[in-house]
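Structure assessment
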Amino acid sequence: MVEYHGSRSGFGVHEDFLIPMTAITWGTGTVVLGNLGFCSVNEGSFAQTVDEPGGILAITTDTGDDDNAVLYAGVFQPADGPTFCEGRFKWNSATLGAIYLGFTETLSTATPVMPGEFATTTMTYNGTGGMVGVNWDSDGTTDDFRSVFGDAGVISGTSSTVGRERVLGDAYVADRWVLARAEIDPDGRARVYVGARGVPGSPGSWRLVEERAAVVTPGDNFFAVLMFENRSGAARLFEVDYFEAWGSRDWDDA
């Protein structure tokens, strides 16, 4: 008997937001947006940015403090093979917002919460599951991009990267594109990257923020997410050029 193997060893999603759309208002709960899921705490609206090429989704939050918007896909299990997600995005305030791009084991689509939040000088690891991602939070004393490696509500893994706590060393400028990426290996090792002003070759390139060993349990399942949360009682604009996430298929018959 001839044995055949599937040709799609990996799976994933890439969304460039090229489908024309007019302004769409959403409520609470979950909706499908192109190839991605979307959820939020409160209502808001989608629109397409048409004064820039390439397909850009414009997300406007509600006016409540700490309202958030979440693009997500999944789930992915790193034990089956290398897993990564990345995206390019910007927002319209250098002082009143927070973002997270990466993986999270814990995601409530009814009341989504940032996996990692940075206030003053401390990173808080939310949820009970593993997380690997990039954080920027205007609640910090110094606003900058930081790595988020956590599990069970605390920091996790062993780091070999010097200077990991801050990546750029310059203040974010409103409406400036940022490129970010998170990776998890089959053994639970993980790394995150950021590209923005101050990085040579940016925005089409990035640099390593931090790499850690034994960060998460690779047999767990993770959502890939891109999250934005405002930090004031006002609507904020978050624009996404693209978001993608890829993993390896489980061919085990067990």
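See above for the structure.
Predicted, not measured: the structure shown is a model, and the values here were computed from it.

**Description of the packing of aromatic side chains**
The final tally for this structure, using the stated rule, is nine aromatic pairs. Taken together, a centroid distance of 4.7 Å and an interplanar angle of 80 degrees make the contact between F38 and F46 edge-to-face. Exposure remark for F38: the relative accessible area of 0% places this residue in the buried category. A residue is classified by how much of its surface remains accessible, and F46, at 4% relative accessible area, is buried. Aromatic side chains F89 and F238 sit 5.9 Å apart centroid to centroid with 45 degrees between the ring planes, which places their arrangement in the tilted category. Placement of the pair is F89 in strand β8 (residues 83-91) and F238 in strand β20 (residues 237-248), with a sequence separation of 149 residues. Pair check on accessibility: F89 and F238 agree, each one buried. An aromatic cluster of at least three residues, connected via ring pairs, comprises F89, W91, W136, F145, F228 and F238. The ring of F118 has R146 lying over it, and the distance from NZ or CZ to the ring centre is 3.8 Å. Across the ring face of F84, the terminal group of R181 is positioned such that the distance to the ring centre comes to 4.0 Å.

**Thoughts on unusual backbone geometry**
Residue G74 is joined to V75 through a cis peptide bond whose omega torsion reads 15 degrees. Inspection of the secondary structure assignment puts V75 in strand β7 (residues 68-76). The backbone phi angle of T120 is positive, close to 60 degrees, even though this residue is not glycine. Inspection of the secondary structure puts T120 in the loop between β10 (116-119) and β11 (122-125). Judged by its relative accessible area of 47%, T120 falls in the partly exposed class. Although it is not a glycine, D175 adopts a positive phi angle of roughly 65 degrees. By secondary structure assignment, the location of D175 is in the loop between β15 (158-159) and β16 (178-184). For D175, a relative accessible area of 42% translates into the label partly exposed.

**Quick look at the environment of F223**
Among the secondary structure elements, F223 is positioned in strand β19 (residues 222-230). Considered as a pair, F223 and F103 are 120 residues apart in the sequence and their alpha carbons are 5.5 Å apart. Contacts of F223, omitting those with residues within four sequence positions, involve Y72, A73, G74, V75, G102, F103, T104, E105 and L107.

**Brief notes about the pairing of strand β18 (residues 207-213)**
When β15 meets β18, the two strands line up antiparallel, connected through two bridges. Bridge assignment links T158 to a residue of β18, and that residue is A213.

**A look at the nonpolar core**
In summary, soluble globular proteins display a tendency toward joint burial of nonpolar side chains. L71, F89, W91, V132, F145 and F238 are the most contacted members of the largest nonpolar core, which has 42 residues in total. Excluding residues that lie within four positions of it along the chain, F238 makes contacts with L57, A58, I59, F89, K90, W91, I99, L226 and F228. One finds C39, Y72, M114 and M131 within the second-largest nonpolar core, a separate group that totals 14 residues.

**Describing the side chain of N135**
With respect to the helices and strands, the residue N135 is situated in strand β12 (residues 131-137). Reaching out from N135, the side chain makes a polar contact with the backbone oxygen of G116 at a distance of 3.2 Å. Aside from chain neighbours lying at most four places away, what touches N135 is I99, G116, E117, F118, M123, D144, F145, R146 and V148.

**Describing the environment of W206**
Following the sequence through the fold, W206 ends up in the loop between β17 (190-195) and β18. Assessed through its relative accessible area of 29%, W206 is described here as partly exposed.

**Notes on the pattern of salt bridges**
Inspection of the entire model under this criterion finds 14 salt bridges. Three or more residues joined by partner-sharing salt bridges are found here, namely E86, R181, E183, D185, R189, R191 and E211.

**As for the side chain of R236**
With respect to the element layout, R236 can be found in the loop between β19 and β20. A polar contact is formed between the side chain of R236 and the side chain of S232, at a distance of 3.1 Å. Apart from the residues lying within four places of it in its own chain, the contact partners of R236 are I59, T60, T61, N92, S93, L96, F228 and N230.

Rules behind the numbers
Residues numbered from 1 in each chain as written. Predicted model: local features only at pLDDT ≥ 70, side-chain atom pairs only at ≥ 80, totals over all residues. Heavy atoms only, no water. Phe/Tyr/Trp six-rings, centres within 6.5 Å; stacked < 30°, edge-to-face > 60°. Buried < 20%, exposed > 50% of the residue type's maximum accessible area, 1.4 Å probe, protein only. Helix = DSSP H or I, 4+ residues; strand = E, 2+ residues; numbered from the N terminus. Lys NZ or Arg CZ within 6 Å of the ring centre and 35° of its normal. Contact = heavy atoms within 4.5 Å. Pairing = 2+ DSSP bridges. Core = buried A, V, L, I, M, F, W, Y, C linked by side-chain atoms within 4.5 Å. Polar contact = N/O pair within 3.5 Å; in protein donor to acceptor, adjacent residues only side chain to side chain. Salt bridge = Lys/Arg side-chain N within 4 Å of Asp/Glu carboxyl O.

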